[in-house]
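Fold and geometry: a report
These are the residues of each chain, in order.
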Amino acid sequence: MPEVHLTLQWPDGLSSQLYSPSTVILEHLPPGEQLSVGEVQTRGLEGLKQASERVRARYGFACTRTDEEAMKLQHTLAAYRADQMVVIQSGD
């Protein structure tokens, strides 16, 4: 499965990396989009869940790294208000 690395540019100028084991995350967090923190939470967590399920469908087990990524994302999201904006960028 093709992996995806996204860079999330947070409202305070900091950035973080988001890993997904599947390109399905791009349907939820498309590079070049600017989304609210609330939207990133909803879309990002759903995209990671779907990515993990794609791994399960193909290999017979879920991707545990997506659980770690979801926890990391939620921790970062907690530092911002839901209406603040996040820029989604292609990862390196």
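Shown above is the structure to which this text applies.
Residues numbered from 1 in each chain as written. Predicted model: local features only at pLDDT ≥ 70, side-chain atom pairs only at ≥ 80, totals over all residues. Heavy atoms only, no water.

Points about the side chain of S16
How we decide: The secondary structure listing takes helices from DSSP runs of H or I that are at least 4 residues long and strands from runs of E that are at least 2 residues long, numbered from the N terminus. A 3.5 Å cut-off defines polar contacts: any pair of N or O atoms within that distance qualifies, except that in protein one atom must be a possible hydrogen donor and the other a possible acceptor, and neighbouring residues in sequence count only when both atoms are side-chain atoms. Residue contacts are defined here by distance: any two heavy atoms, one from each residue, within 4.5 Å place the two residues in contact.
Looking at where S16 falls in the secondary structure, it is placed in strand β2 (residues 15-20). Polar contacts involving the side chain of S16 include one to the side chain of W10, which spans 2.8 Å. With residues up to four places along the chain from it excluded, the contact list for S16 reads L6, T7, L8 and W10.

Quick word on the side chain of H28
As for its position among the elements, H28 is in helix α1 (residues 25-28). Within the structure, the side chain of H28 is placed 3.1 Å from the side chain of Q50, a separation counted as a polar contact.

Comments concerning empty space enclosed by the protein
Put simply, the test is: Points on a 1 Å grid over protein atoms alone make up a cavity when a 1.4 Å probe fits among them but cannot get out, and a pocket when they form an open set with protein on both sides within 12 Å along at least five of seven lines; lining residues each have an atom within 4 Å of a point. Grid points are joined across faces, edges and corners, and a volume is the space filled by probe spheres set on the points. Note on residue categories: nonpolar means Ala, Val, Leu, Ile, Met, Phe, Trp, Tyr, Cys or Pro, charged means Asp, Glu, Lys or Arg, and polar means any other residue, Gly included.
Using the criterion set out here, one finds one cavity of 30 Å³ or more in the structure. Here the largest cavity is characterised by a volume of approximately 30 Å³. Only β2 and α3 (64-77) provide two or more residues apiece to the lining of the largest cavity. Considered class by class, the residues forming the lining of the largest cavity number three nonpolar, three polar and one charged.

Some points on the pattern of salt bridges
Pairing is possible between side chains of opposite charge, provided their charged atoms come close. Let me state the cut-off plainly: Definition used for salt bridges: Asp or Glu carboxyl oxygen within 4 Å of a side-chain nitrogen of Lys or Arg. Remark: exposure states derive from per-residue accessible area (1.4 Å probe, protein chains only) relative to the maximum for the residue type, with buried under 20%, exposed over 50%, and partly exposed in between.
Taken as a whole and judged by the stated rule, the model has four salt bridges. R56 is paired through a salt bridge with E53; the nearest N and O atoms lie 3.2 Å apart. Taken together, the residues span about one helical turn, with R56 and E53 both in helix α2 (residues 37-59) at a distance of three residues. R56 sits in the partly exposed class, given a relative accessible area of 40%. The salt bridge partner of D83 is R81, with a shortest N-O separation of 3.0 Å. In this pair, the class of D83 matches that of R81, namely exposed.

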